[in-house]
Amino acid sequence: MLDELYQAIILDHYRQPRGRGELEPPKITQEGFNPSCGDEVIIDLRVEDGRITDVRFHGHGCSISQASASMMTEAVRGKTLAEAHALIQQATALVKGELDGDFETLGDIVALAGVRYFPVRVKCATLAWHTLEEALKQVE
Ligand code: ZN
């Protein structure tokens, strides 16, 4: 049952992605690529006063990679850089099956928990988060 619910959330984000598109400059742009699956995620980011005021993504790839990017934009918009770093850690740990404790604060991201059973898909699910991490390095 839980797996079906998770799959439904992933498909919903894939079919109706949140935060899909590009930002007008000035912006930070970071491209991410997962060669094992052919997934591409490009993140546009605007950071003002230490806070992510807007974030968009575009690209192409499998449903997990694109759904994860959609969840990422929804989760980090309006967050401080410290909060975004914490979310990156939590989301990647969740995907790898290494997150202990409370998942509920993660919202739809929790649907990525099922990916742990498919090691070949872990890079699909973490692509957007690793790309965001690289994008944030441009801020500091
Ligand atoms: Zn993929």
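This is a predicted model, so every value here is computed, not measured. (Residues numbered from 1 in each chain as written. Predicted model: local features only at pLDDT ≥ 70, side-chain atom pairs only at ≥ 80, totals over all residues. Heavy atoms only, no water.)

Concerning the packing of helix H3 (residues 81-96) against helix H4 (residues 122-137)
Here is step 1: Axis separation between H3 and H4 bottoms out at 10 Å; the angle between their running directions is 160°. On the basis of the axis angle, H3 is roughly antiparallel to H4. Here H3 and H4 pass one another in a crossing that is left-handed. On the side of H3, the interface is formed by Leu 81, Ala 84, His 85, Leu 87, Ile 88, Ala 91, Thr 92, Val 95 and Lys 96, while H4 contributes Val 122, Ala 125, Thr 126, Trp 129, His 130, Leu 132, Glu 133 and Leu 136.
Here is step 2: Looking at the contact of H3 with H4 residue by residue, the classes come out as 11 nonpolar, 4 polar and 2 charged. (Axes fitted to C-alpha atoms, helices over the stretch in contact; angles between N-to-C directions. Helix = DSSP H or I, 4+ residues; strand = E, 2+ residues; numbered from the N terminus. Parallel < 35°, antiparallel > 145°, perpendicular 65-115°, else oblique. Left-handed = near helix turned anticlockwise from the far one by under 90°. Contact = heavy atoms within 4.5 Å. Nonpolar A, V, L, I, M, F, W, Y, C, P; charged D, E, K, R; others polar.)

Brief notes about H4
Here is step 1: With 16 residues, H4 ought to run about 22 Å at 1.5 Å a step, and its terminal C-alpha atoms sit 22 Å apart, in line with that.
Here is step 2: Taking the largest bend as the criterion, H4 deviates by roughly 35°, centred on Ala 128.
Here is step 3: Where H4 is buried, its residues touch strand E1 (28-34), strand E2 (39-48), strand E3 (51-60), helix H2 (63-76) and H3. (Expected span 1.5 Å × (residues − 1). Bend = angle between axes of the 7 residues up to and from the residue.)

Examining the pairing of E2
On a regular strand, one side chain projects to one face of the sheet and the next to the other, so that they alternate.
Here is step 1: Burial analysis of E2 places 7 of its 10 residues in the buried class, the great majority of the element.
Here is step 2: Strand direction decides the pairing type here: E1 and E2, joined by 7 bridges, are antiparallel. Across the sheet, the residue bridging to Thr 29 is Asp 44, located in E2.
Here is step 3: As consecutive antiparallel partners, E1 and E2 are separated by 4 residues, and within that stretch Gly 38 has a phi angle of approximately 85°, a positive value.
Here is step 4: Inspection of the sheet shows E2 paired to E3 by 9 bridges, in the antiparallel sense. Across the sheet, residue Ile 42 finds its bridge partner in E3, namely His 58.
Here is step 5: Count of turn residues in the E2/E3 antiparallel hairpin: 2 residues, of which Asp 49 carries a positive phi of about 50°. (Buried < 20%, exposed > 50% of the residue type's maximum accessible area, 1.4 Å probe, protein only. Pairing = 2+ DSSP bridges.)

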